[in-house]
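Reading the structure
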Amino acid sequence: MNKKIKEARDVALDILKPSPRDLEHGLELHRHSVVCDTYGFAPRSAIDGDAVQAAIESGASKAELQDMEEDMGMTRCATAEEEGKEFREAWDEAGVTCIVQNAGEEGQDPQRLIKRLARFTYVADSMRDFLVRAVGPDDVVEAHNQDKHCFYMSGNGVPLLQEWVSVEEELRYIRIFSQLGIRIMHLTYNRRNMIGDGCAEPANGGLSDFGRAVVAEMNKIGVIADVAHSGWQTSLEAARASTVPMVASHSGCCTVNEHIRCKPDEVIKAIVDTDGYIGICCIPSFLGGTGDISALLDHVDYVAKTFGPDRVTIGTDTAYASRKSESERNKVSGRGKSRVRWDGFWPDDAFPERYRDERMVKSLAWTNWPLFTVGLVQRGYSDDDIQKILGGNMLRVARAVLEAGGTSW
């Protein structure tokens, strides 16, 4: 265990203070469970700072540099030996079988969405001794049985041509991206789009008529609708429109901490009524309270006790970053202040400074997944219920949606 992983582990242990018996049992249970991060990111590699600086000096555009750095962070685990070693170590220490992988940059443009999908497909194809690209739930279970890890691909938007000739033409790329391996799609991302309102829109306008057609098409093809970044009314109406299970893959509970990225009980119940789940994220500002690993468990507790242990997962929305990330980034000269990205749309007070505490963040480190299991043991959950939360609930929903779409893989 490298120093970075150990420091985060020690912080979380100091907060949880498990008994030796709970610690031993939780770690053992974690090792033998199918563990699915229901929305996350593979460990991130450090960029090649010298290469990026050279590109800056040669006049590369901001768009070119963004693509270059993102590509490096996502794929150098497959091309740089040292980064690959740390990538494997982080994943092994986390004990995660499957990441429902963020495989699409936020938006609807197919050309924009395909880039991350290509990068993570390349990584999986390059590291087949360690990592596979799961096509369906059975592949996730098989990866666990073979002591491997896997991606289950999630797009950060519904791919739309945005030519608006007809509803049917706009829906065509949902099937194409499903054929490419995308199994989950966000209906909205923070802002309003033609499907519905995102979570940061003050109007809370709900699902559009076109949005209902999108949900119906996803149901028909076998793609899970994800409302993690959707507004409350959009989430509610999407759940009521869906004829198959749907999810909020990385969110929280407004009853525990009211936040635009959390969901009120009415929305959670509507998702539950589809036979879906809500995934609890590892973002301190969304969790509220102590903002640490205990706050994460408070949200899990609330869903499990209010709606049942079949209805909750953990979707971290975080990633482990290479120990060389900071030193490599320091090689890159400043490029001036940039405007806020279109999708970086939040109310002014959404991220209060008190939730930037390093101890909170370390306790929720992605490599602390085994201690999430220990925390559930401490709180008295049965092994069966813990294994549902860790992976069983995600696999159940994935199977049901694919089967409704006519495939089981």
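Scope of this entry: the structure provided in the associated data block. Every chain is numbered on its own, with residues counted from 1 as its sequence reads. Local features in this predicted model are restricted to residues of pLDDT 70 or higher, and side-chain atom pairs are both shown and tallied only at a pLDDT of 80 or more, whereas totals for entire chains, interfaces and linings draw on every residue. Derived side-chain values reflect all non-hydrogen atoms in the structure, with water molecules and hydrogen atoms excluded from consideration.

On to the pattern of salt bridges. Salt bridges are defined by distance alone: a side-chain nitrogen of Lys or Arg within 4 Å of a carboxyl oxygen of Asp or Glu. Overall, the coordinates contain 40 salt bridges when judged by the stated rule. Its salt-bridge partner being Arg31, residue Glu28 comes within 2.4 Å of it at the nearest N-O pair. Taken together, the residues span about one helical turn, with Glu28 and Arg31 both in helix α2 (residues 20–31) at a distance of 3 residues. Overall, Glu28 belongs to the partly exposed group, its relative accessible area being 36%. Secondary structure is summarised from DSSP: a helix means a run of H or I of at least four residues, a strand means a run of E of at least two, and numbering begins at the N terminus for each. Under the scheme applied here, a residue whose accessible area is under 20% of the maximum for its type counts as buried, over 50% as exposed, and between as partly exposed, the area being computed with a 1.4 Å probe on protein chains only.

Another point: a nonpolar patch on the surface. Distance thresholds for patches are 9 Å for like charges and 5 Å for nonpolar side chains (Val, Leu, Ile, Met, Phe, Trp, Tyr), applied to residues having over 30% relative accessible area and no salt bridge. All accessible areas in this document rest on Shrake-Rupley with a 1.4 Å probe, and a residue is counted as covered only by the protein chains that are shown. A cluster of nonpolar side chains, namely Ile114, Ile176 and Leu180, defines an oily patch on the protein surface of about 210 Å² accessible area. Its location among the elements puts Ile176 in helix α8 (residues 167–179). Residue Ile176 is classed as partly exposed on the basis of its relative accessible area, which comes to 33%.

In this analysis, the expected span of each helix is defined as 1.5 Å times one less than the number of residues it contains. Between its first and last C-alpha, helix α9 (residues 209–221) extends 19 Å over 13 residues, near the 18 Å set by a 1.5 Å rise per residue. Of the positions making up α9, those classed as buried are Phe210, Gly211, Val214, Val215, Glu217, Met218, Asn219 and Ile221.

Attention now moves to the environment of Lys17. Inspection of the secondary structure puts Lys17 in the loop between α1 (3–16) and α2. Lys17 sits in the exposed class, given a relative accessible area of 59%. Lys17 sits 266 residues away from Ile283 along the chain, and the two C-alpha atoms are 21 Å apart. Whenever two N or O atoms come within 3.5 Å, that pair is a polar contact, provided that in protein one can donate a hydrogen and the other can accept it, and provided that, for residues adjacent in sequence, both atoms are side-chain atoms. A polar side-chain atom of Lys17 sits 2.4 Å from the main-chain carbonyl oxygen of Asp14.

The angle between two axes is taken between their N-to-C directions and runs from 0 to 180 degrees, where each axis is a line fitted to C-alpha atoms and a helix contributes only its stretch in contact. Running from N to C, α2 and helix α17 (residues 383–404) point in directions that differ by 50°, and their axes come no closer than 11 Å. In this view, α2 runs oblique relative to α17, as classed from their interaxial angle. For α2 against α17, the interelement crossing comes out right-handed. Residues His25, Leu29 and His30 of α2 form the contact with α17, whose participating residues are Asp383, Ile386, Gln387 and Leu390. Any angle that is under 35 degrees is reported as roughly parallel, and any over 145 degrees as roughly antiparallel; angles of 65 to 115 degrees are reported as roughly perpendicular and all others as oblique. Handedness of a helix crossing follows the sense of rotation of the near helix relative to the far helix, less than a right angle counterclockwise being left-handed and clockwise being right-handed. It only takes one pair of heavy atoms within 4.5 Å for two residues to be counted as in contact.

Here a Phe, Tyr or Trp ring, Trp counted by its six-membered ring, pairs with any other such ring whose centre lies within 6.5 Å, and the pair is stacked when the planes are under 30 degrees apart, edge-to-face when over 60, and tilted otherwise. Applying the stated criterion to the full structure yields 10 aromatic pairs. Ring centres of Trp91 and Phe151 lie 5.7 Å apart, and the angle between their planes is 40°; this geometry places the pair in the tilted category. Here the residue Trp91 occupies a position in helix α5 (residues 81–94), and Phe151 occupies one in strand β4 (residues 149–155), the gap between them amounting to 60 residues. On the basis of relative accessible area, Trp91 is assigned to the buried category, the value being 0%.

Between its first and last C-alpha atoms helix α6 (residues 110–126) spans 24 Å; for 17 residues at 1.5 Å apiece the expected length is 24 Å, and the two agree. Within α6, burial applies to Pro110, Leu113, Arg116, Leu117, Arg119, Phe120, Thr121, Val123 and Ala124. The inward-facing, buried residues of α6 abut α4 (62–75), α5, β2 (98–102), β3 (131–133), β4 and α8. Where α6 starts, the residue carrying a side-chain oxygen 3.0 Å from the main-chain nitrogen of Gln111 turns out to be Asp109.

Bringing the pairing of strand β8 (residues 277–280) into the picture now. In β8, alternate side chains face the same way, and those of Tyr277 and Gly279 on one face and Ile278 and Ile280 on the other are all buried. Whether two strands pair comes down to DSSP finding at least two bridges between them. For strand β7 (residues 247–251) and β8, the ladder comprises 3 bridges, and the chain directions are parallel. Considered in β8, the bridge of Ala248 is made with Ile278. In this fold, β7 hands off to helix α11 (residues 265–273), which returns the chain to β8; that crossover is right-handed. Relative to strand β9 (residues 312–314), β8 runs parallel, the two sharing 3 bridges. Each residue of the ladder has a partner; that of Ile278, found in β9, is Val312. Looking down the strands as they point away from the viewer, one classifies a crossover as right-handed if the path from the first strand across the helix to the second runs clockwise.

Relative to the helices and strands, Val374 resides in helix α16 (residues 369–378). Excluding residues that lie within four positions of it along the chain, Val374 makes contacts with Pro18, Asp22, Leu23, Gly26 and Leu27.

This part is about the side chain of Thr274. With respect to the element layout, Thr274 can be found in the loop between α11 and β8. At 3.3 Å, the side chain of Thr274 and the backbone nitrogen of Gly276 are in polar contact. For Thr274, the contacting residues outside a window of four places in its chain are Ala239, Val244, Pro245 and Met246.

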